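Fold and contact review
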Amino acid sequence: MPMTAEITFAEHPDGTDYRVVVRHGDPTARAHHEKLGFADGWGSVTEQLARLVENPAVR
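Residues numbered from 1 in each chain as written. Predicted model: local features only at pLDDT ≥ 70, side-chain atom pairs only at ≥ 80, totals over all residues. Heavy atoms only, no water.

1. Some remarks on the layout of surface pockets
Using a probe with the size of a water molecule, rolled over the atoms, empty space left in the structure can be pinpointed. When its volume is computed, the largest pocket comes out at roughly 160 Å³. Around the largest pocket sit Phe 9, Thr 16, Tyr 18, Thr 46, Leu 49, Ala 50 and Val 53, which together line it. Among the secondary structure elements, those contributing two or more residues to the lining of the largest pocket are strand E2 (15-24) and helix H2 (38-54). Residue composition of the lining of the largest pocket, by class: five nonpolar, two polar and no charged. (1 Å grid on protein atoms, 1.4 Å probe; cavity = no way out; pocket = protein on both sides within 12 Å on 5 of 7 lines; lining within 4 Å. Points joined across faces, edges and corners; volume = space filled by probe spheres on them. Helix = DSSP H or I, 4+ residues; strand = E, 2+ residues; numbered from the N terminus. Nonpolar A, V, L, I, M, F, W, Y, C, P; charged D, E, K, R; others polar.)

Here is the structure:
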């Protein structure tokens, strides 16, 4: 399903500010993606990225 994701990283006093903005092609695509667990998937990606950054030995 068509979508565009904009991912940005910035410095933050507590570490790193990580933001994701996703734009779907239309409301139907967004609803379908949500039904498939889209938000949970991004949460998993965030957790994996944090583990990788916090523990370089994982690479």
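Moving on from the coordinates now.
2. Some thoughts on the environment of Tyr 18
Its place among the elements puts Tyr 18 in strand E2. In sequence terms Tyr 18 and Thr 8 are ten residues apart; their C-alpha atoms lie 5.9 Å from each other. Not counting chain neighbours up to four residues away, the residues in contact with Tyr 18 comprise Ile 7, Thr 8, Phe 9, Trp 42, Val 45, Thr 46 and Leu 49. (Contact = heavy atoms within 4.5 Å.)

3. A few points about helix H1 (residues 27-35)
The N-capping residue of H1, defined by a side-chain oxygen 3.0 Å from the backbone nitrogen of Thr 28, is Asp 26. Among the residues trailing H1, Gly 37 stands out with phi positive, at a value near 95 degrees. (Polar contact = N/O pair within 3.5 Å; in protein donor to acceptor, adjacent residues only side chain to side chain.)

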